[in-house]
Amino acid sequence: MRLIDELNELHDLYLRQIDAAVAADDVALAERLAQAYEDDAVQLMAEREGLTSMLPLTPQSRPASALRRMVDRLRSRVAA
């Protein structure tokens, strides 16, 4: 399977889980899942590209994923 296909499957899996957490009004779980997605996606890419020596990356050194940005927007709405 191509890396992009694996990443798409991973994204879809986490998106369903995050949607379920949001539906259950569990923003904290949604946030943890968004972080887990980012970690798993980076790990998968590093393994497939033979770059595991570059792990772990610090969270501050990488941009937020689309799922992370979605959860951040949700968190700010809930806080308001």
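These lines cover the structure that appears in this document, whether it is placed above or below. Not measured: the values here are computed from a predicted model.

Here's the deal with the overall build of the protein chain
Right, so step 1: For the protein chain, the count of helices and strands is 3 helices and 0 strands.
Right, so step 2: When the 80 residues of the protein chain are sorted by exposure, 28% land in the buried category.
Right, so step 3: In the protein chain, of all internal contacts separated by at least 6 residues, the share reaching a separation of at least 24 is 68%.

Let's talk about helix H1 (residues 3-23)
Right, so step 1: For H1, with 21 residues, the first-to-last C-alpha span of 30 Å sits near the 30 Å given by 1.5 Å per residue.
Right, so step 2: For H1, every residue scored as buried is listed here: Leu3, Leu7, Leu10, Tyr14, Ile18 and Ala21. Projected down its long axis, H1 shows its buried positions confined to an angular sector of 65°, all on one face. Those residues of H1 that are exposed and angled more than 90 degrees off the buried face are Arg16 and Ala23.

Overview of the nonpolar core
Right, so step 1: Within the largest apolar cluster, 14 residues are counted, with the highest numbers of intra-cluster contacts made by Tyr14, Ile18 and Tyr37.
Right, so step 2: Only H1, helix H2 (27-49) and helix H3 (66-79) provide two or more residues apiece to this core.
Right, so step 3: Sequence-distant contacts of Tyr14, that is, excluding residues within four places in its chain, are made with Leu33, Ala36, Tyr37, Asp40 and Leu67.

Description of unusual backbone geometry
Right, so step 1: Positive phi, close to 60°, is recorded for Asp25, a residue that is not glycine.
Right, so step 2: One can find Asp25 in the loop between H1 and H2.

Some thoughts on the pattern of salt bridges
Right, so step 1: All chains considered together, the criterion is met by 2 salt bridges.
Right, so step 2: Put simply, Asp5 and Arg2 hold a salt bridge, and the shortest N to O gap is 3.0 Å.

The rules behind these values
Residues numbered from 1 in each chain as written. Predicted model: local features only at pLDDT ≥ 70, side-chain atom pairs only at ≥ 80, totals over all residues. Heavy atoms only, no water. Helix = DSSP H or I, 4+ residues; strand = E, 2+ residues; numbered from the N terminus. Buried < 20%, exposed > 50% of the residue type's maximum accessible area, 1.4 Å probe, protein only. Contact = heavy atoms within 4.5 Å. Expected span 1.5 Å × (residues − 1). Arc of directions from axis to C-beta. Core = buried A, V, L, I, M, F, W, Y, C linked by side-chain atoms within 4.5 Å. Salt bridge = Lys/Arg side-chain N within 4 Å of Asp/Glu carboxyl O.

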